[in-house]
Amino acid sequence: MSELPFPCPACNEENMVDMENLDGKPVNKIVTELGFNCTKCDTWVRVLYTTWSLDTALIKLAKKSPESAGYHYHFARTLRKAEGVQEKYGGL
């Protein structure tokens, strides 16, 4: 598990959040926001956004070995998608 401290913007409570098991709420047909509910005030706290395209790219990347020929290509492509989604929709 990769737990990180993440503050709640409503009550400033610091929550330990498992970044690998965030809850998802659909924004529209394409975009989903990932986040958690604050343990103190139960407010929804958005951490980041994801899309179907980004999820698919992450799955393809996970199937590749870092030593394989196409790994660097898929890594760079996935990184560009992730940066684009966060820039467009305002994640971390």
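Keep in mind the model is a prediction, meaning the values are calculated, not measured.

The rules we used
Residues numbered from 1 in each chain as written. Predicted model: local features only at pLDDT ≥ 70, side-chain atom pairs only at ≥ 80, totals over all residues. Heavy atoms only, no water. Core = buried A, V, L, I, M, F, W, Y, C linked by side-chain atoms within 4.5 Å. Buried < 20%, exposed > 50% of the residue type's maximum accessible area, 1.4 Å probe, protein only. Helix = DSSP H or I, 4+ residues; strand = E, 2+ residues; numbered from the N terminus. Contact = heavy atoms within 4.5 Å. Lys, Arg positive; Asp, Glu negative; His and termini not counted. Salt bridge = Lys/Arg side-chain N within 4 Å of Asp/Glu carboxyl O. Polar contact = N/O pair within 3.5 Å; in protein donor to acceptor, adjacent residues only side chain to side chain. Pairing = 2+ DSSP bridges. Phe/Tyr/Trp six-rings, centres within 6.5 Å; stacked < 30°, edge-to-face > 60°.

1. Description of the nonpolar core
Turning to step 1, where the next piece is worked out: Core analysis: the largest hydrophobic core is formed by nine residues, namely F6, C8, V17, L22, L34, F36, C38, V45 and V47.
Turning to step 2, where the next piece is worked out: Put simply, the parts of the chain that give this core at least two residues each are β4 (31–37) and β5 (44–51).
Turning to step 3, where the next piece is worked out: Excluding anything up to four places from it in sequence, L34 contacts L22, D23, G24, W44, V45, R46, V47, L48 and T50.

2. Focus on the side chain of E33
Turning to step 1, where the next piece is worked out: For E33, the position within the fold is in strand β4.
Turning to step 2, where the next piece is worked out: Put simply, E33 is tucked away with no salt bridge, and the nearest opposite charge, on R46, sits 4.3 Å away.
Turning to step 3, where the next piece is worked out: For E33, the side chain forms a polar contact with the side chain of W44, separated by 2.9 Å.
Turning to step 4, where the next piece is worked out: Filtering out sequence-adjacent residues up to four positions away, E33 remains in contact with D23, G24, K25, V27, W44, R46, L48 and Y49.

3. Thoughts on the environment of K60
Turning to step 1, where the next piece is worked out: Looking at the element boundaries, K60 is found in helix α1 (residues 52–63).
Turning to step 2, where the next piece is worked out: In sequence terms K60 and F75 are 15 residues apart; their C-alpha atoms lie 9.4 Å from each other.

4. A look at the pairing of β4
Turning to step 1, where the next piece is worked out: Burial of β4 is extensive: five of the seven residues sit out of reach of the surface.
Turning to step 2, where the next piece is worked out: The pairing of strand β3 (residues 23–26) with β4 spans four bridges and is classified as antiparallel. The partner of G24 across the bridge, within β4, is L34.
Turning to step 3, where the next piece is worked out: In textbook terms, the turn of a hairpin is the stretch between consecutive antiparallel strands, and for β3 and β4 this stretch comprises four residues.
Turning to step 4, where the next piece is worked out: Where β4 lies against β5, seven bridges are found, and the strand directions are antiparallel. Its bridge partner being in β5, V31 is matched across the sheet by T51.
Turning to step 5, where the next piece is worked out: Hairpin remark: β4 followed by β5, antiparallel, with six residues in the connecting loop; positive phi at D42, about 60°.

5. A word on the packing of aromatic side chains
Turning to step 1, where the next piece is worked out: Enumeration according to the criterion identifies three aromatic pairs in this entry.
Turning to step 2, where the next piece is worked out: Ring geometry for Y49 versus Y89: centroids 5.7 Å apart, planes at 45°, classification tilted. Taken together, the positions of Y49 in strand β5 and Y89 in helix α2 (residues 71–89) put the pair 40 residues apart, joining distant regions of the chain.
Turning to step 3, where the next piece is worked out: Judged by relative accessible area, Y49 falls into the buried class, the value being 10%.
Turning to step 4, where the next piece is worked out: Note on Y71 and F75: the rings are 6.2 Å apart at their centroids and 25° apart in plane angle, and the pair reads as stacked.

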